[in-house]
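# Remarks on the overall topology
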Amino acid sequence: MKKFFNYIVFFAAIVTVYGCTGKKALFDELSGSRLTVIIKGTFESTTHSGSIKNWDTTVSPSQSIDDSVNDCITDSSEQFPATFMVDIAEMRMDDDEVSNYRQVFTAQVSDTDPFFNGQGVRLKCDDVKPGKMYNSVKLYIRKLIFDNATQWYIDANGIVVPDNAPQVIFHEETVNGFDFNQVLVNTFYDTLKQNSADIIRVFPLEIPIDGGLIVNEDEEVVLEIRLIIKNFIKLYEYDFSNDNGYRAVYHYWAVSDWLRDVHPDDVYMGGNLLGVARVYRKDKVATVSGTTGSSGYVIAIPAKDMYGNPQTIADYFLDDDNSSWERPVYKPHSPSLQTATIEGYLDYYLRYEQYKVGYNAFVDDVNDGSYEDLWNAYDSYKWSLRLPPLVAHTYNDSGTQKYTLTNVPDGQYRFYFVEDVDVPYGTLPDVDNVGSEKAVTINVGSNIVNFP
Amino acid sequence: MKQKEKVIRVKLKVFWLLVAISLLCISTDVFAQRKKADYFLKPQVGIWFGPVTPVFSTADDVDTALWGGGFVRFNVFALPLKVGFDSSYEHFKSEGVKELTVIPVYGNLLWRLPIDMPIAFQLKAGAGSAKVTIQPDNASQWDPLGMLGFELSFPAGKWINIGLRIDYLFIYEGYIKGASKNGHIINTGLTLYLNIGI
């Protein structure tokens, strides 16, 4: 028995010694993460706050009031939003639940808020699998709210009357504002298509990672997610009948309908929340600076895509001359507005009858799939938009236009320049306007790329 | 009036305490009879099953799960000591992608408290190793392990004892360069012992 006891003790000792062969701090790795996730609300990727275009807070029909707003317009009473509120339920990388945490943050609509000045807001994230290729990040967005929404109704005398400001619950508290997340549910507004009402575009919002993400062991990377919000919001209208039976509208702020045009009386605007994500290693990045001839955006894309094929800006931006750019709509005959005269009413109803006859004939005509083809061509063209991973805006430094692009991974790039006049408020550059292509090799450290 | 009630209540308490003590004294006689054949002293194999709970810093990363393990034990001479050999499988998940798998393998020394009752109280301490695997890194290695525990069990016939156990497992990584954390797990379980004669 004593011998047996000795064996047991001996065995336990061997097992204990064997345990001391580990080399990695596994419990530290379990709680740590190789991945830092930063989310920003700018088209620009740079962290240099000067190289980010300032907010243009003008409220005017030609600029920030969308052309779909057609009721109860009283320009002077609409104000640019002051606060942006975000409620994210979860974040996934492809289908890995890397951040199963609800995260809420509020950003001031200002040039100094981290969400809008290039610094970004950090999202909590667990770890990713080393060596695994990730192509997209999925944000499960619960709420996106801008304040300064207004409510109006048309009273019995036809006069536009202001009503209480719309309210919404954000982070368990009631706030003034409108949650435009709920209208981001369609790729294309068309009731002829069965799937028109049930495609939710923000739960999740799938954002492609430019170049993909792959983390090797003992590497730490930053994933930068950019939602295009700054200088990309417009005022929209939501029509309804209020509790007293009067025709009423909400006017609310949401992302620009530059990509998928919103027409008067449309409710949905899905697919207009645009995003891009990119990855860099903190210890392998460069800073690129330079001068340009005029004010505008400096854009850089990797010279080769993730499969090693050469690419240009035409692989990113879209062309508004393309036949699939315009949204296919079967337009009713004009004038469709009633006028106060009896002739006006008769004219309206006659044309309305004519429209119905024409519409029925149209449905018969396109029932062979041609209408669907048109829509699918439009939709797939819009989905082919890729946003460039590296963007900076110029700033005026004693008469010289300069820019600084930070956190550029080393490698080969194509640089482009597009002037401000070609990028009006609420739009992104058209491929025709992006020029001055330069092939540049960027090395870790400081680099200079000038545009004449 | 209230004071009177209080006094009565205290008196009642003392009475019931006395009843309980005297019952206990009477019953020790009965137990003494059975103790002559204390099957608990035989070699044992057993299994346990119950909640395994990460604690301290480990609790920040993964959640409680339900797992179990097995053991063998032998008495050492005529002492109230047993030596045992334990292993288990414990897989912890989290709300996200993090997962932790621990397979402890260790020897331990058990001391039966000298309480003259059919319920056996045992304190135990041991050492060994644990195979630790983490996800999503998919990395694994053997780490040294120390443990402290407490068990109580009562006989359910000649062959079987049924018990409860609480173990604290300490998985040591502090000696590794760059490590700031160790593993901490508390296992609680229902235990089934088979008393086997060799």
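It should be noted that the structure appears before, not after, this text.
The structure reproduced in this document is the subject of the present report. These figures come from a predicted structure and were not determined experimentally.

Okay, the packing of aromatic side chains next. Residues and elements named next belong to chain A. Scanning all chains against the criterion turns up 29 aromatic pairs over all chains. An angle of 75 degrees between the planes, with centres 5.0 Å apart, marks the rings of F115 and F116 as edge-to-face. Just as F115 is buried, F116 falls in that class too. Pairing W375 with Y378 gives two aromatic rings, centres 5.4 Å apart and planes at 90 degrees, and the pair type is edge-to-face. You can see W375 and its partner Y378 sitting in helix α4 (residues 370-383), three residues apart, about one turn around the helix. W375 sits in the buried class, given a relative accessible area of 1%.

Residue and element names in this part refer to chain A. A surface patch of nonpolar side chains, about 410 Å² in accessible area, is lined by M133, I214, M306 and Y307. As for its position among the elements, M133 is in strand β6 (residues 133-146). On the accessibility criterion, M133 (32% relative accessible area) is partly exposed.

What follows is about α4 of chain A. Residue and element names in this part refer to chain A. Here α4 is 14 residues long and its end C-alpha atoms lie 20 Å apart, about the 20 Å a rise of 1.5 Å per residue gives. Burial in α4 covers these residues: Y371, W375, Y378, D379, Y381 and K382. On an axial view of α4, the arc spanned by its buried residues comes to 165 degrees, and they lie on one face. On its buried face, α4 sits against α3 (342-366).

Facing 33 residues of chain A, the contacting portion of chain B comprises 42 residues. Between chain A and chain B, roughly 3200 Å² of surface is buried when both sides are summed, and carbon and sulfur atoms account for 68% of that area. Linking chain A with chain B are two salt bridges. For D126 of chain A, the salt bridge identified is with K98 of chain B, shortest N-O distance 3.9 Å. Across the contact surface, chain A and chain B share ten residue pairs in polar contact (both at pLDDT 80 or more). Mapped by element, the contributors of at least two residues to the side of chain A that touches chain B are α1 (2-19), α2 (26-31) and β3 (96-99) of chain A.

Residue and element names in this part refer to chain A. Taking strand neighbours across the sheet as the criterion, the four strands line up as β8-β7-β15-β14 in an open arrangement whose pairing is antiparallel. Edge strands, defined here as strands with exactly one partner in the open sheet, are β8 (160-163) and β14 (233-241). Sheet twist, expressed as the mean angle between neighbouring strand axes with direction ignored, is 30 degrees. The sheet contact formed by strand β7 (residues 150-154) and strand β15 (residues 247-255) spans four bridges and is antiparallel. Bridge pairing links W152 to V249 in β15.

Residue and element names in this part refer to chain A. Strand order in the open sheet made by the four strands is β20-β21-β17-β24, with mixed pairing throughout. With one partner strand each, in any of the chains shown, β20 (395-397) and β24 (445-448) form the two edges of the open sheet. Recorded for the sheet is a direction-independent mean angle of 35 degrees between the axes of neighbouring strands.

All names here are of chain B. When you line up the elements, D86 lands in strand β3 (residues 81-93). Residue D86 is classed as buried on the basis of its relative accessible area of 1%. In this structure the side chain of D86 is engaged in a polar contact, spanning 2.9 Å, whose partner is the side chain of R165. Ignoring anything within four residues of it in the chain, the contact list for D86 reads W48, G70, F71, R73, P104, V105, Y106, N108 and R165.

Next up on the list: the environment of G46 of chain B. All names here are of chain B. When you line up the elements, G46 lands in strand β1 (residues 44-54). Considered as a pair, G46 and N195 are 149 residues apart in the sequence and their alpha carbons are 8.6 Å apart. If sequence neighbours within four positions are ignored, G46 has contacts with G69, G70, F71, L192 and Y193.

Time to look at the side chain of N181 of chain A. Residue and element names in this part refer to chain A. Assignment of secondary structure puts N181 in the loop between β11 (178-179) and β12 (205-214). Residue classification places N181 among the buried residues on the basis of a relative accessible area of 6%. A polar contact of 2.9 Å, which involves the side chain of N181, links it to the backbone oxygen of I141. Not counting residues up to four positions away in its chain, the partners in contact with N181 are I141, R142, K143, L144 and V202.

Each neighbour pair has its own omega, and for F203 of chain A with P204 of chain A the value is 10 degrees, a cis peptide bond. Going from Q135 of chain B to P136 of chain B, the amide bond is cis rather than trans, its omega being 5 degrees. Residue placement: P136 of chain B occurs in the loop between β5 (120-135) and β6 (139-155). At N148 of chain A, a position not held by glycine, the phi torsion is positive, near 60 degrees.

Rules of the game
Residues numbered from 1 in each chain as written. Chains lettered and ligands numbered in written order. Predicted model: local features only at pLDDT ≥ 70, side-chain atom pairs only at ≥ 80, totals over all residues. Heavy atoms only, no water. Phe/Tyr/Trp six-rings, centres within 6.5 Å; stacked < 30°, edge-to-face > 60°. Buried < 20%, exposed > 50% of the residue type's maximum accessible area, 1.4 Å probe, protein only. Helix = DSSP H or I, 4+ residues; strand = E, 2+ residues; numbered from the N terminus. Patch = residues over 30% accessible without salt bridge, like charges linked within 9 Å, V, L, I, M, F, W, Y side chains within 5 Å. Areas by Shrake-Rupley, 256 points an atom, 1.4 Å probe, with all protein chains shown as cover. Salt bridge = Lys/Arg side-chain N within 4 Å of Asp/Glu carboxyl O. Expected span 1.5 Å × (residues − 1). Arc of directions from axis to C-beta. Contact = heavy atoms within 4.5 Å. Buried area = accessible area lost by both parts, 1.4 Å probe. Polar contact = N/O pair within 3.5 Å; in protein donor to acceptor, adjacent residues only side chain to side chain. Pairing = 2+ DSSP bridges. Axes fitted to C-alpha atoms, helices over the stretch in contact; angles between N-to-C directions.

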